[in-house]
Structure formats: structure tokens, C-alpha cells
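# Chains, contacts and geometry: an overview
The lines below spell out each chain.
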Amino acid sequence: MLFVIFVAPVVQIFIFGVAVTNEVRNVSLSVADLSHSSYSRRLVSSLTRGGYFRLEHENSGGDEVQKDLLLNRAVIGLVIPPDFASQIEGNRQATVQILVDGSDGNSANIATGYALRILSSLDFYVRPTFFSTSRIPAEGLVDFHPRVFYNPAVESRFYLMPGIITMVLTVLILLLTAMGITKEKESGSFEHLVVSPISGMQLMLGKTLPFALVGFFDACIVITLAVFGFGVPLTGSLPALILINVLYIFAMLGLGLLVSSISASQQQAMLSAFAIIFPAVILSDFFFPVSNMPVFIQWITYLNPMKYSLQAQRIIFLKGAGLGAVANQIAVLAGFAVAFYGLGTLQFRRSLH
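Notes on the structure in this doc start here. (Residues numbered from 1 in each chain as written. Predicted model: local features only at pLDDT ≥ 70, side-chain atom pairs only at ≥ 80, totals over all residues. Heavy atoms only, no water.)

### Notes on the packing of helix α6 (residues 156-187) against helix α10 (residues 266-282)
- Running from amino to carboxyl end, α6 crosses α10 at an angle of 160 degrees, the nearest separation of the two axes being 9 Å. Taken together, the axes of α6 and α10 are roughly antiparallel relative to one another. Judged by the twist between their axes, the crossing of α6 over α10 is right-handed. The segment α6 lies against α10, with Met167, Thr170, Val171, Leu174, Leu175, Ala178, Met179, Thr182, Lys183 and Glu186 engaging Gln266, Ala269, Met270, Ala273, Phe274, Ile276, Ile277 and Val281.
- Across the contact of α6 with α10, the residue classes break down as 13 nonpolar, 3 polar and 2 charged. (Axes fitted to C-alpha atoms, helices over the stretch in contact; angles between N-to-C directions. Helix = DSSP H or I, 4+ residues; strand = E, 2+ residues; numbered from the N terminus. Parallel < 35°, antiparallel > 145°, perpendicular 65-115°, else oblique. Left-handed = near helix turned anticlockwise from the far one by under 90°. Contact = heavy atoms within 4.5 Å. Nonpolar A, V, L, I, M, F, W, Y, C, P; charged D, E, K, R; others polar.)

Below, the structure is given as C-alpha cells:
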């Protein structure tokens, strides 16, 4: 309880103070420069030198840029046509396509606004008029044409709902497992089971599988409400979505076992669970982009299973992805499930002796 009372608030305020910001920076950028001219290089460098955008990939075509958006390798894509330099030098309007990943609508809106403001400030963006040497911004030489993928209307509920599914499972499974098992420790009934002839794994499965079934049932309810009640498009693979949620449920079961193994009462289990839940939500990319956080905080987010579940849910719901596109998230969540469940079972049995 001393840790929960004194250390957890300090950790939480540190995370809120350092990691939480509404400003969008370090936006991953994918570029297809088909012009290879000084004008196109200046256009790309204008985006990357201010710290708002980070060049991740240079591609040979627009299809590759779109693939980067699909696989979460970029948030903004830039396709510069081959005739870009000749159009500028001929005082004719050139078109540059800006591709936007709309699966995180808030960040997409802000990042697109940043990009348009930066690009519109280029010295060759405006052309001199016939009667004056002054430059008139209304007569831009470059037409920046944004195109939003995966959430064209930038509906906030479309990118929030997958995160809500993950958050519901986090709170429900973690609290149910931690408090339910701790209650049996308090009553003394668990000690009788430990000395029974059943194995440790059978004991843990018997006590945690009911919570897993409850979590899976609730996940089905929330997904159904999201699709049919709120109109969130489920464009990807349903088996992939089911697999992601099953793995995440087992990861939360294992984490709940770990919490119950260090808790002597239900009150302590509840406080310990909430001490884990709040930082996990903040560092999951749900409300605040991880890319905006300091580098050492970004490294910490790799230890957060909620981040991988949220990524996979958004990719499946909005990007029409199948098992292949979320293979990394599946592998990581499977690793968390095995590690947490194994450690939780081992630590819980030790706590009973």
C-alpha cells in the first residue's frame, strides 16, 4: 500500500507532465519525389527542418507511399509529380498530392494543417503578377491536394471506438481478475485448492477462464455496438480482430494475476490495478500520439500491451487489414500473454506459501 499511496501518484504526474501534449510533432512522413529537382528537395526539406515532420521513407511511386500509410509506417505522404520543376519554371501551376492517414483523425487534421501552412510559405509557392513584382499568395503556383485515407470524413468516433474497446477490456479484465482472486485469498479458500491434487496450471486456468469468457462476451457486445450502433466500419478481417482481442484478454488475465499476487486485500488490488491502468492508457496512443513524447518515454511504451492492441484494432477496423498486416502486433501480444500468465501463475503460487 505504501507504493500505491506514495510512489504511484508521483509516477502518474511525471507521465502526465512529460508525455502528455496536444501539440503534434515528429509526424512520420513518406515521400515519392518523382521530380528529383531542387524545387522538390526544397519542398521536402521545408517540412522536415522544423521538427514537425520526420522523413521515414523515400519511395519511387505513390503506391508505395499509400502502403506506408496502410502499415502505420507514415502518417503523411507526399507525392511530387515528374513535371513539378518544369511547371514551376514555366510559371504554371503544379499539383502536389498530400496523402493522409485518417485512422487517427485528430492528429491527421493537425498534421495536415501544419503541412499546408509550411508548404504555402515556400518562396516559389506564389508567382509575380504581370503588373507588379509583388507576390500574391492567392495565385499559388502549387496546388496542394490533400487526400484522406481510411476515414475520409475524419469522424472522431471512427478512431476513438477501437481505443474504447481496448480500454474496456483493460479495466474489466484487470480489475475482475485482481479483485476476484484476491477475495478468495482473503477468505482462505485458495489455500485449500493449492493442497488439492490438481496442478498449478489447472488451478489458474479454472480461476481465470471465467474472467476470459466474460471479457470475450463484453468485447463482442462493444464491437457489435460500435459497428451497428455507431456506424464504425469494420473493413478488415474478423478472425484477425477476434485473435487480437483473445490474446489481449489473456495478457490482461496474466497482469491481473500478478497484481493479485502482490495484494493482500481487494482494496489494495483495486488501487494497484488503477495505478497500472492510467499510465497504460496515456502511453497507448489513445488520446495523445506516442510520436510526440520524449524518446525515453517512447521506449517505455514498447512495454505497454495496450498500445499494440489499439494499433491492431485501428488497422483492422479502418484500414481493411488482415492477419498479415497485424502480424507484428499478434506476435507481441502473444509474447505478453505468455509472459504475464506464466509470471502471474508462478508469483501467485509463491505468495500462497
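So, next bit.
### Considering the pairing of strand β3 (residues 76-80)
- Of all 5 residues in β3, 5 are buried; the element is thus mostly enclosed.
- Across the two faces of β3 the burial is the same, with Ile76, Leu78 and Ile80 and Gly77 and Val79 all buried.
- As paired strands, strand β1 (residues 27-33) and β3 are joined by 5 bridges and run parallel to one another. Residue pairing for β3: Ser30 is matched across the bridge by Gly77.
- For β3 and strand β4 (residues 94-101), the ladder comprises 4 bridges, and the chain directions are antiparallel. Its bridge partner being in β4, Ile76 is matched across the sheet by Val100. (Buried < 20%, exposed > 50% of the residue type's maximum accessible area, 1.4 Å probe, protein only. Pairing = 2+ DSSP bridges.)

### Looking at helix α3 (residues 62-70)
- Inspection of α3 places Val65, Asp68 and Leu69 among the buried residues, and these make up the whole buried set. In an axial view of α3, the angular spread of the buried residues amounts to 100 degrees, which keeps them on one side of the axis.
- Buried residues in α3 make contact with β1, β2 (53-59), β3, β4, β7 (142-149) and α12 (305-319).
- Directly beyond the C-terminal end of α3, a positive phi value near 65 degrees is found at Asn72. (Arc of directions from axis to C-beta.)

### Overview of the environment of Phe317
- Relative to the helices and strands, Phe317 resides in helix α12.
- Those residues in contact with Phe317 that lie beyond four places of it in its chain are Pro162, Ile165, Ile223, Val227, Val232, Pro233, Leu234, Thr235, Gly236 and Leu241.

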